[in-house]
Amino acid sequence: MPGGNKIRVDTCVYTDYVIPQNYDSMIAKVIVHGKNREESIAKMKSALREFVIEGIDTNIEFLDKILSNENFINNNYDTSFIQKEFKI
């Protein structure tokens, strides 16, 4: 699990936890706080890199793409952001 100053992880998962076959798709929620948007994005990218989750697919790689996207970084997005930027 990621940790550090102003990084919060809400989850019931712990080391060696076995996620049930019919698991809720949100196994953890990560919240970070920084002095500004730039610091918060950097802190979230760092926190996501610290996660070690094995045995299931996660969206960590996709979240990193969002956090690295210039429009997201520049606060230039709306509800169609993912569809427009990632052609999903």
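Calculation rules
Each chain carries its own residue numbering, running from 1 in the written order of its sequence. Only residues with pLDDT of at least 70 are given local features in this predicted model, and only at 80 or more are side-chain atom pairs given and counted; all residues enter the totals for whole chains, interfaces and linings. Side-chain metrics in this entry use all non-hydrogen atoms of the structure; hydrogen atoms and water are not considered. Think of a salt bridge as a Lys or Arg side-chain nitrogen and an Asp or Glu carboxyl oxygen that are within 4 Å of each other. Secondary structure elements are taken from DSSP: a helix is a run of H or I of four residues or more, a strand is a run of E of two residues or more, and numbering for both begins at the N terminus. Two N or O atoms form a polar contact when they lie within 3.5 Å of each other; inside protein one atom must be a possible hydrogen donor and the other a possible acceptor, and for residues adjacent in sequence the pair counts only when both atoms belong to side chains. Here, two residues are considered to be in contact whenever any of their heavy atoms come within 4.5 Å of each other. For every residue, the accessible area (1.4 Å probe, protein chains only) is compared with the maximum for its type, and the residue is labelled buried under 20%, exposed over 50%, or partly exposed between those bounds. What the arc measures is the spread of directions leading from the helix axis to the C-beta atoms. What a helix is expected to span follows from its residue count: subtract one and scale by 1.5 Å.

(A) Representation of the pattern of salt bridges in the model. Overall, the coordinates contain four salt bridges when judged by the stated rule. For arginine 8, the salt bridge goes to aspartate 10, with nearest N and O atoms at 2.7 Å. Taking the shortest distance from any N to any O, the salt bridge between lysine 84 and aspartate 78 comes out at 3.5 Å. Taken together, the shared-partner salt bridges in this structure form one network comprising Arg8, Asp10 and Lys29.

(B) Representation of the side chain of serine 40. Looking at where serine 40 falls in the secondary structure, it is placed in helix α1 (residues 37–50). Only 3.1 Å separates the side chain of serine 40 from the backbone nitrogen of glycine 34, close enough to count as a polar contact. Ignoring sequence-local partners within four residues, the contact set of serine 40 consists of Val32, His33 and Gly34.

(C) Spotlight on helix α2 (residues 60–68). Every buried residue belonging to α2 is among Ile60, Ile66 and Leu67, and all of these are buried. For α2, the buried positions fall inside an angular range of 115° around the axis, keeping them on one side. At its buried positions, α2 is contacted by α1, α3 (70–73) and α4 (81–86).

(D) Just α1, in detail. When the terminal C-alpha atoms of α1 are compared, their 20 Å separation across 14 residues agrees well with the 20 Å that a helix rising 1.5 Å per residue should span. Among the residues making up α1, those that are buried are Ser40, Ile41, Lys43, Met44, Ala47 and Leu48. The arc that holds every buried residue of α1, seen down its axis, measures 165°, which confines them to one face. Structural note: α1 exposes Glu38 and Arg49 on the side pointing more than 90 degrees away from its buried face. On its buried side, α1 packs onto β1 (7–11), β2 (28–32), α2 and α3. The N-cap residue of α1 is asparagine 36: its side-chain oxygen and the backbone nitrogen of glutamate 38 are 3.2 Å apart.

Taken by themselves, the reported measurements are silent on function.
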